[in-house]
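# Chains, contacts and geometry: an overview
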Amino acid sequence: MKLHIQNNFISELPADPSEINAPRQVEQAFYSYVLPKIPSNPSLIHASNEVANAIGLSPEDILSPDFLNTFSGSTVYPETKPFALCYAGHQFGNWAGQLGDGRAINLTEVVHGNETYTLQLKGAGPTPYSRTADGFAVLRSSIREYLCAEAMHYLGVPTTRSLSLMLSGDQVLRDVLYNGNPAFEKGAIVCRVAPSFIRFGSFELFSSRKDYINLKLLADFTIKHHFPHIQGEGVGKYLDFFHEVTQTTLNMIVHWQRVGFVHGVMNTDNMSIHGITIDYGPYGWLEDYNSNWTPNTTDRQHKRYRFGNQPEIALWNLYQLANALYPLIQDAKPLETILDAFSLDYEKEYLNMMQNKLGFQIKKETDAILIESLTQLLQLVETDMTIFFRNLGNVTKDDTATTAFNTIKDAFYNEKDLNETILKDWHEWFENYKTRINEEILSDSERKEQMNSINPKYVLRNYMAQLCIEDADKGNYSLLNELFEMLKKPYDEQSNFQKWFTKRPDWARDKVGCSMLSCSS
Ligand code: AMP
Ligand code: MG
């Protein structure tokens, strides 16, 4: 197995001089060298051929002992020196100070096809940033991260990628419900891949410590290697950088809202500087469309990270990044101008995305009203988001309001909930929708094709991941393989997977792991 190694991060940025692997505060350093814990009996569960190929590995490489050893943390790849990143962050709106990679270990950067990738093991053992935790990850959460990142990629949502999923062969103790019932679970390690794992919280770390030398070093490094098109020096460079981060973050959130993804823990340490989805924890997918929903039980009370609040929180997080960058810019005005533009830009992009979901190629001002009334209607009774939008593509210009309504009827969880008023409202909405699509130039089939290319048929529903986890815990990976294949083509009909184009089954409604997830992972 041959990787084209590059070590820009560790060769250009200062390391923690101590290599003692014990929880501590680390000052004036970007990372600490740390070796992954050698797993007792590692085995490969799954690897992504596509990600392997991207970093220059063949299908044969995946099956080699080198691959198993490198991506389980058993051996260190030649000429690399693994390290854990030091970063800080705001958690649930509160300043949390130093956090860092508590259970992630960066292996190296790899260059292939003119792209740079950073490879990182998650769950490979303790680091100086593990605080009171153990540095490991269980199979349950590792499957969730591994599958979801790839599913998001194929949905066209910016994300970290997954290279491999391994069992460590060791047991990990977890109290899933935080109710004093800890149990052993299988330990696992995911190798994830991203341009870098630099976060908003990486900038907050140095800024909060008034370590402006390292703050500047980080900004300069990030721009030089990851935003090379940003030219020039001084304040303008940092403002361009900040502006670009707001734009990519905005774009990511619009995608989340498009597919019904709820991240669940949008803390600033979980916000990538690349505007990609990172740190899949207690995330979830909207089944019934509900802007108040969050899968994260830790956030049950305030629902800070609920579906409908994600754009607002992204902006809040960008404010924290702006504050962190301020010492390099020394002028609040241009930062505020960029931040002020976010809400308007978001409204514009969101509207455009929803118009596309509804199949409107011609954009009309009145569409905003139609969309607003739809999102209200969708929440009157439990209505499956994915099925609704997918079936909406089958509505034709000749439909009556009633036949159009019947086309999406399968999306209702309980048809009995549809009282007369609600039915009347739907009827009215479909009258308007019908009028609206008759103003379009595209034919029914052309419109359907366009809608089907952005309204997925298959997403990683919460209960699907849970079924897959229950099987995998027993050593059966066939469902994992099946879901992985299906999620590669989420917009295709794939009639062989039709059974997954269905509403959440009733047993999964309030089940732990399906609609309720804790941060325990
Ligand atoms: P999260 O919000 O899950 O991304 O994690 C917040 C912080 O806790 C990060 O610094 C993680 O590295 C750390 N963390 C989470 N789980 C563990 C664990 N099992 N062992 C060590 N650190 C952890
Ligand atoms: Mg995190």
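Residues numbered from 1 in each chain as written. Chains lettered and ligands numbered in written order. Predicted model: local features only at pLDDT ≥ 70, side-chain atom pairs only at ≥ 80, totals over all residues. Heavy atoms only, no water.

## Structural notes on helix α10 (residues 332–357)
What sets the pattern is the α-helix's 3.6 residues per turn: residues three or four places apart point alike. Counted at 1.5 Å a residue, the expected span for α10 with its 26 residues is 38 Å, and the 37 Å between its end C-alpha atoms agrees. The sharpest bend along α10 comes to roughly 30 degrees, located at phenylalanine 342. Among all positions of α10, only Leu335, Ile338, Leu339, Phe342, Tyr346, Tyr350, Met353, Met354, Gln355 and Lys357 are buried. Lining the buried residues of α10 we find α8 (235–259), α9 (310–329), α11 (367–377), α12 (385–392) and α15 (444–452). For α10, the N-terminal capping position is held by aspartate 331, with its side-chain oxygen 3.2 Å away from the main-chain nitrogen of lysine 333. Glycine 359 sits one or two positions beyond α10 and adopts a positive phi of about 85 degrees. (Helix = DSSP H or I, 4+ residues; strand = E, 2+ residues; numbered from the N terminus. Expected span 1.5 Å × (residues − 1). Bend = angle between axes of the 7 residues up to and from the residue. Buried < 20%, exposed > 50% of the residue type's maximum accessible area, 1.4 Å probe, protein only. Contact = heavy atoms within 4.5 Å. Polar contact = N/O pair within 3.5 Å; in protein donor to acceptor, adjacent residues only side chain to side chain.)

## Describing helix α16 (residues 462–473)
For α16, built from 12 residues, the straight-helix expectation of 16 Å at 1.5 Å per residue is met to within 8% by its first-to-last C-alpha distance of 17 Å. When α16 is considered as a whole, its buried residues turn out to be Asn462, Tyr463, Met464, Ala465, Gln466, Cys468, Ile469 and Ala472. Those residues of α16 that are buried lie in contact with α5 (139–155), β10 (183–194), β12 (284–285) and α17 (478–487).

## Digging into the domain arrangement of the protein
Under the domain assignment, the protein is made up of domain 1 (5–197), domain 2 (211–356), domain 3 (364–452) and domain 4 (462–508). At the junction of the two partners, domain 1 supplies 16 residues and domain 4 supplies 15 residues. Contact between domain 1 and domain 4 buries roughly 1,500 Å² in total, counting both sides, with carbon and sulfur atoms accounting for 75%. The three residues of domain 1 that bury the most area against domain 4 are His46, Leu147 and Tyr154, which together make up 37% of that side's buried surface. The interface formed by domain 1 and domain 4 holds 0 salt bridges in total. Linking domain 1 with domain 4 are 3 residue pairs in polar contact (both at pLDDT 80 or more). (Domains from an automatic or database assignment. Buried area = accessible area lost by both parts, 1.4 Å probe. Salt bridge = Lys/Arg side-chain N within 4 Å of Asp/Glu carboxyl O.)

## Things to note about the site of ligand 1
The full set close to ligand 1 counts 16 residues, and Gly100, Gly102, Arg131, Gly135 and Asn270 are the nearest of them. Here an oxygen atom of ligand 1 sits 2.7 Å away from a polar atom, N or O, in the main chain of glycine 102. Side-chain polar atom of arginine 174 to a nitrogen atom of ligand 1: 3.3 Å apart, as the coordinates give it. Alone, ligand 1 offers 490 Å² of accessible surface; in the complex the protein occludes 81% of this. Looking at the shell around ligand 1 residue by residue, the class counts come to 3 nonpolar, 6 polar and 7 charged. (Near = heavy atom within 4 Å. Areas by Shrake-Rupley, 256 points an atom, 1.4 Å probe, with all protein chains shown as cover. Nonpolar A, V, L, I, M, F, W, Y, C, P; charged D, E, K, R; others polar.)

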